[in-house]
Amino acid sequence: MAAEAFPKAQAGDAIIASGSLARIAAVPWKNEGGQTRELCVEPPEADFSSFAWRASVADVGRDGVFSTFAGIDRTIVLLEGGGFTMHADGAQIHDLRQCFAPFSFAGEAEVSVSLHGAPTLDFNLMVRRDLASGEVVALSEQNSRRLPADTVLLYVAQGAACLSDASGMLLQLRAGEFVRLREGALLPDLLCAAGALALAIRIRRKT
């Protein structure tokens, strides 16, 4: 599980843990049509039937069908590659070809994809809709100073960034690295270098 891949962060009450995509082993999709690397799952050690939310990065190397997840809202973000066209119920629902542009869809949908060419690397957020709502926000040098409220995970998709608070720099991050942030904590500031792009994952619990 991703929790085993997280070395403990050394500074900042808001930072629970940090990790790197390169250190996480790939596992098959639920339907075994591709492979994925789990960054974080809440609660820890939850399986596909019991998570409240889950963030991962998937490799899509060929045309195929996505796994279905009843009761789950999904958001996908193209990180690398040529992208693909998404179809459901015989109709096109989205053309995923622009990097770092989040697209949300229902987990129940039977989605098939047709690649535009090169294999892709995709960020995925899954949220159980009766427990919470979620959003992926793309942050760049121009809009990166303040993390959005309710950010629980930050993934650097391109370039370099750092997190800091009033006492100074807490943590430097490069592409493929991420941090888990404590829910409800005072969030650190984010500074993205020129050309960098980070994904902030926001989770709002339902009462």
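The structure this text deals with has already been given above.
Read on for an overview of the structure. This structure is a prediction, so every number in the text was calculated from the model and none was measured.

The subject of this paragraph is unusual backbone geometry. Looking along the chain, the bond that leaves E42 and enters P43 is cis, with omega of -5 degrees. For P43, the location among the structural elements is in the loop between β3 (35–42) and β4 (53–60). The backbone phi angle of F100 is positive, close to 65 degrees, even though this residue is not glycine. Its location among the elements puts F100 in the loop between β8 (91–96) and β9 (103–106). We classify F100 as buried; its relative accessible area is 17%. At D150, a position not held by glycine, the phi torsion is positive, near 70 degrees. If you trace the backbone, D150 turns up in the loop between β12 (132–140) and β13 (151–158).

Looking now at the sheet that holds strand β17 (residues 189–192). Spatial strand order, β15-β14-β17: three strands in an open sheet with antiparallel pairing. If you trace the sheet from one side to the other, it starts and ends with β15 (168–174) and β17, each paired once. Ignoring strand direction, the axes of neighbouring strands in this sheet form an average angle of 25 degrees.

We now examine the packing of aromatic side chains. Enumeration over the complete set of coordinates arrives at five aromatic pairs. Seen in terms of ring centroids, F123 and Y155 are 5.6 Å apart; in terms of plane orientation they differ by 45 degrees. Their pairing is tilted. With F123 in strand β11 (residues 120–128) and Y155 in strand β13, this pair connects stretches of sequence that are 32 residues apart. Overall, F123 belongs to the buried group, its relative accessible area being 0%. Ring-pair connections join several aromatic residues into one group, and the members of that group are F66, F84, F103 and F105. Note that R128 overlies the ring of F51, its terminal NZ or CZ placed 4.9 Å from the centroid.

Below, the discussion takes up the nonpolar core. Counting residues in hydrophobic clusters, the biggest one holds 26 residues, and the most contacted among them are W53, L79, F123, Y155, L199 and I201. Elements that contribute at least two residues to this core include exactly β3, β4, β6 (72–80), β11, β12, β13 and β18 (197–205). With sequence-adjacent residues up to four places away left out, Y155 is seen in contact with L21, L39, V57, L79, F123, G176, E177, F178, L197, A198 and L199.

Cut-off values and rules
- Residues numbered from 1 in each chain as written.
- Predicted model: local features only at pLDDT ≥ 70, side-chain atom pairs only at ≥ 80, totals over all residues.
- Heavy atoms only, no water.
- Helix = DSSP H or I, 4+ residues; strand = E, 2+ residues; numbered from the N terminus.
- Buried < 20%, exposed > 50% of the residue type's maximum accessible area, 1.4 Å probe, protein only.
- Pairing = 2+ DSSP bridges.
- Axes fitted to C-alpha atoms, helices over the stretch in contact; angles between N-to-C directions.
- Phe/Tyr/Trp six-rings, centres within 6.5 Å; stacked < 30°, edge-to-face > 60°.
- Lys NZ or Arg CZ within 6 Å of the ring centre and 35° of its normal.
- Core = buried A, V, L, I, M, F, W, Y, C linked by side-chain atoms within 4.5 Å.
- Contact = heavy atoms within 4.5 Å.

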